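Structural features, examined
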Amino acid sequence: MTLEHFDADWDVPVRSNDIKLHDAEAFEGMRAAGKVAAGCLDMLTEHVVPGVQTGYLDDLAREYILDHGGLPACLFYKGYGKTTCISPNHVVCHGIPGEKVLREGDIANIDVTAIVEGWHGDTSRMYAVGEINARARRLVEVTYDALEAGLAVIRPGATFGDIGAAIQKVAEAARCTIVRDFCGHGLGQVFHDSPNVLHFGRPGTGPKIKEGMFFTVEPMINLGKPQVKVLNDGWTAVTRDKSLSAQCEHSVGVTATGVELFTASPAGIFRPKL
């Protein structure tokens, strides 16, 4: 996911080719934004049940963010009209909430970004709708294992290729595939900033990771082939072979010794119990 550099008449931070380094005050800002975003997904957990409309979940998310002092980053972003992206089953990402009803056995990713005092907290996680089958359960578990493997290598001196290689190793060992059309991204006061964070790669390649960097890690993993297509609405991306897809995402900051998760679940339920 990339964002073109733009000029404006007001002082709004914009994407640049340089990877920004942030200070302690910025870390505080990201913690506040991440907490609202993660708390929103915690709140939705009890509402993701068979028979619920995705538009209703989106309404709940918007109200939660506003009630907690934030703004929904996706609302009106590049013409997008919703607070969240809700992507069930073979929808890879950017599913538009509306009249779609979640059914028993579905899996769904919900992605939300909250802006608090100018800082962006961006996170997504998987939800099981009622009882799900073994193949869906395996995909979700592999996706979370892959994210955790990528997060585990983040530290000053490592490279972004190390992150992608760690994710790729876990996914492919489980005979799953990684979507290559979308990636993680830098963020902070800019929603989508440098660098692009690939979820595949070779160890030791790519830019060096430095203390003070902020970015997302958000692997999208398929049970079938990795190819995707975007539907006519211009947003919804689906697997070409209609195989199941899963994703989970954290916003992180690089510390002197490793990584801080800005979007850790306040309730400890980021990884669903399946």
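For the structure itself, consult the block above.
The structure contained in this document is the topic of the report that follows. All figures in this text were calculated on a predicted structure; none of them were measured in a lab.

We now examine the overall build of the protein. Summing up its helical and strand segments, the protein has four helices and 15 strands in all. In terms of overall size, the protein behaves like a compact globule, its C-alpha atoms giving a radius of gyration of 17 Å where 274 residues would be expected to give roughly 19 Å. Along the first, second and third principal axes, the C-alpha atoms of the protein reach 45 × 40 × 35 Å. A total of 274 residues make up the protein; the buried ones form 56% of that total. Sequence-distant contacts, at least 24 apart, represent 72% of the contacts inside the protein between residues at least 6 apart.

Our next topic: the sheet that holds strand β6 (residues 177-178). Spatially, β6-β10-β13 is the arrangement adopted by the three strands of the open sheet, whose pairing is antiparallel. Where the open sheet ends on each side, the last strands, each with one partner, are β6 and β13 (245-247). Bridging between β6 and strand β10 (residues 220-222) involves two bridges; their strand directions are antiparallel. Residue pairing across strands places I178 opposite I221, the latter belonging to β10. Running at roughly 145° to β10, helix α3 (residues 134-152) makes contact with β10 and β13 of the sheet.

This part is about the sheet that holds strand β12 (residues 237-239). Strand order across the open sheet formed by three strands is β3-β12-β11, with antiparallel pairing between neighbours. Two strands lie at the open edges of the sheet, namely β3 (91-93) and β11 (228-230), each paired on one side alone. Averaged over all pairs of adjacent strands, the angle between their axes in this sheet comes to 40°, without regard to strand direction. Note that β3 and β12 share two bridges and pair antiparallel. Bridging from a neighbouring strand, C93 pairs with A237 of β12.

A few words on empty space enclosed by the protein. Under the definition given, this model contains one cavity of 30 Å³ or more. Each pocket or cavity is described by its volume, and for the largest cavity that value is around 40 Å³. Looking at the largest cavity, the residues that line it are I19, K20, H22, G186, L187, D193, S194 and F214. Counted by class, the lining of the largest cavity contains three nonpolar, three polar and two charged residues.

Scoring rules and cut-offs
- Residues numbered from 1 in each chain as written.
- Predicted model: local features only at pLDDT ≥ 70, side-chain atom pairs only at ≥ 80, totals over all residues.
- Heavy atoms only, no water.
- Helix = DSSP H or I, 4+ residues; strand = E, 2+ residues; numbered from the N terminus.
- Rg over C-alpha atoms; globule rule 2.2 N^0.38 Å.
- Buried < 20%, exposed > 50% of the residue type's maximum accessible area, 1.4 Å probe, protein only.
- Contact = heavy atoms within 4.5 Å.
- Pairing = 2+ DSSP bridges.
- Axes fitted to C-alpha atoms, helices over the stretch in contact; angles between N-to-C directions.
- 1 Å grid on protein atoms, 1.4 Å probe; cavity = no way out; pocket = protein on both sides within 12 Å on 5 of 7 lines; lining within 4 Å.
- Points joined across faces, edges and corners; volume = space filled by probe spheres on them.
- Nonpolar A, V, L, I, M, F, W, Y, C, P; charged D, E, K, R; others polar.

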